[in-house]
Amino acid sequence: MLFKSVLGAAIVALSLSQSAFAETITDDVGRQVDVDLPVKRAVIFNRYSVEFARAIGAIEQVVGTGASTYRDPAYWPEFGPDDVVGQGQSEPNYEAIIAKKPDLVILPRNGVYEEAARQLEPFGIPVLVVTSWDTLKHVENVKLMGKLFGREERAADLAAYYEDYKALLAERLEGVEPVPVYLEEKRPLVTVTPGSGWHDMIEAGGGRNVFGEIVIEDEPAARGNPNAFTIDPEELVARVPSLIVKLEPGAYTTIPQEQYKTTWDGLMAREEIRATPAAEAKNVHVINYYLAGGSSKITGALQIAKWAHPELFKDVDPEEAMRRWIEDFQGLPYQPGMTYQGDF
């Protein structure tokens with residue numbers, strides 16, 4: 001009965017809040033969604049989309065997010081436990097969402113947007129798919145967010161930040177042979193394939209993903225998905241990567257050196273890692289997720305370029321790009337120490 005009363009109240013509130021400025025938006029998966037603009041109350045799942053909202057000055061219009069975002073309170077001082085409306089993009093809490101009376105719910109394309117649309121349609125809450133982790137759609141996503149929240153000018157600043165670095169990478173890498181790169185997730189022998197934003201990050205930085213020819217639909221489901229594809233040690237050795245990058249899960253705050261060292265020591269203790277040209281050339285690194293993923297992974301692409309083509313990017317500091325992202329667009333003090341390389 002409580003749930004029904006909450007839903008009823010939400011329906012009434014939503015009906016009273018309708019404006020005359022509805023616009024049909026085509027989202028990331030081609031769905032056409034009617035949205036009242038500007039959005040005053042939004043529930044957003046996926047950290048990257050919430051970052052975009054904050055970067056364009058719309059964070060006060062975000063009234064709910066997932067626990068996976070809130071889990072980093074130092075990075076998200078705007079949110080408290082009452083703002084959590086589900087575990088994340090795969091586990092929304094629909095009763096909690098409805099109670100927030102949002103004008104819009106935003107999910108990425110790897111979230112449960114179809115289910116969410118079905119659950120929320122009876123209550124007049126539209127669901128829009130915006131995949132902010134997608135490097136290839138950064139500019140259009142930023143501009144869309146600016147339009148949704150009435151923050152077009154600030155969104156243009158963020159798009160320019162991204163486009164300037166993207167142009168720098170493209171200019172210096174034109175005609176340059178890509179360097180074979182192996183990117184490893186937290187778990188050993190788990191990598192990325194086409195369809196993952198990490199794969200696009202590698203390519204944007206002048207790398208060639210050594211597992212870039214994998215067609216995930218042709219692989220057994222047990223091997224995983226584009227963001228977490230399981231490989232054999234022999235496969236890695238056979239693909240002779242010249243650069244190895246290990247993603248280190250971490251928070252916005254600086255990762256302790258002891259944590260980095262533990263990861264590094266474990267990485268270099270593995271026979272298949274030591275058997276690669278990357279290890280021979282001392283080109284094996286650990287990188288904080290936050291640097292790798294900053295602003296749709298453009299900061300990660302700069303770091304890949306710095307390691308893959310050091311002579312071409314000797315004057316480029318990826319951490320300076322990350323500092324700009326954190327301080328200028330997220331409004332937080334930058335904390336350095338985003339990469340690690342131990343002794344060989």
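Structural notes, computed from the coordinates. Keep in mind that this is a model prediction, so the values were computed, not measured.

About the criteria used
Every chain is numbered independently, its residues counted from 1 as its sequence is written. Given that this is a predicted model, residues contribute local features only at a pLDDT of at least 70 and side-chain atom pairs are listed and counted only at 80 or more, while totals for whole chains, interfaces and linings are drawn from all residues. Only heavy atoms go into the side-chain values, all of them from the structure, while hydrogens and water stay out. The classification of residues rests on relative accessible area computed with a 1.4 Å probe and restricted to protein chains. Under 20% of the type maximum is buried, over 50% is exposed, and intermediate values are partly exposed. Here a helix means four or more residues in a row that DSSP labels H or I, a strand means two or more in a row labelled E, and each is numbered from the N terminus. Think of it this way: DSSP has to see at least two bridges between two strands before they count as a pair. Between N-to-C directions, angles span 0 to 180 degrees; the directions come from axes that are lines fitted to C-alpha atoms, helices contributing only their stretch in contact. Only Phe, Tyr and Trp rings are paired, with Trp represented by its six-membered ring, and only when their centres lie within 6.5 Å; those with planes under 30 degrees apart are stacked, over 60 edge-to-face, the remainder tilted. Whether a charge sits over a ring depends on NZ of Lys or CZ of Arg being within 6 Å of the ring centre and within 35 degrees of the ring normal.

1. Examining the pairing of strand 9 (residues 179-184)
Move 1: Most of strand 9 sits out of view: six of its six residues are buried.
Move 2: Neither face of strand 9 is open: one carries Val179, Val181 and Leu183, the other Pro180, Tyr182 and Glu184, and all of them are buried.
Move 3: Looking at chain direction, strand 9 and strand 11 (residues 207-209) are connected through three bridges and run parallel. Note that in strand 11 the partner of Val181 across the bridge is Asn209.
Move 4: Sheet topology note: the strand 9/strand 14 (residues 243-248) ladder contains four bridges and is parallel. Paired with Tyr182 across the bridge in strand 14 is Ile244.

2. Describing the sheet that holds strand 7 (residues 104-107)
Move 1: In spatial order, the strands read 4-3-7-8; together these four strands make up an open sheet with parallel pairing. Each end of this open sheet is capped by a strand with a single partner; those strands are strand 4 (62-65) and strand 8 (127-129). On average, each strand axis in the sheet is tilted by 25 degrees relative to the strand beside it, whichever way the strands run.
Move 2: Judged from the three bridges that link them, strand 3 (residues 42-44) and strand 7 form a sheet pairing that is parallel. Following the sheet pairing, Ala42 is matched in strand 7 by Leu104.

3. Here we look at the packing of aromatic side chains
Move 1: As enumerated under the stated definition, the model contains 13 aromatic pairs in all.
Move 2: Their ring planes at 55 degrees and their centres at 5.2 Å tell us that Tyr161 and Phe329 sit as a pair that is tilted. Of the two residues, Tyr161 sits in helix 7 (residues 152-173) while Phe329 sits in helix 14 (residues 318-329), which places them 168 residues apart along the sequence.
Move 3: Measuring from centroid to centroid gives 5.7 Å for Trp198 and Tyr289, while their planes differ by 80 degrees, and the two rings are edge-to-face. Here the residue Trp198 occupies a position in helix 8 (residues 197-204), and Tyr289 occupies one in helix 13 (residues 289-308), the gap between them amounting to 91 residues.
Move 4: Accessibility expressed as a relative area gives 6% for Trp198, which makes it buried.
Move 5: Given a relative accessible area of 16%, Tyr289 falls into the buried group.
Move 6: Among the aromatic side chains, those forming a connected cluster through ring pairs are Tyr75, Trp76, Phe79, Tyr252 and Tyr290.
Move 7: Note that Arg47 overlies the ring of Tyr48, its terminal NZ or CZ placed 4.8 Å from the centroid.
Move 8: A cation sits over an aromatic face here: Arg54 above Tyr75, 4.6 Å from the ring centre.

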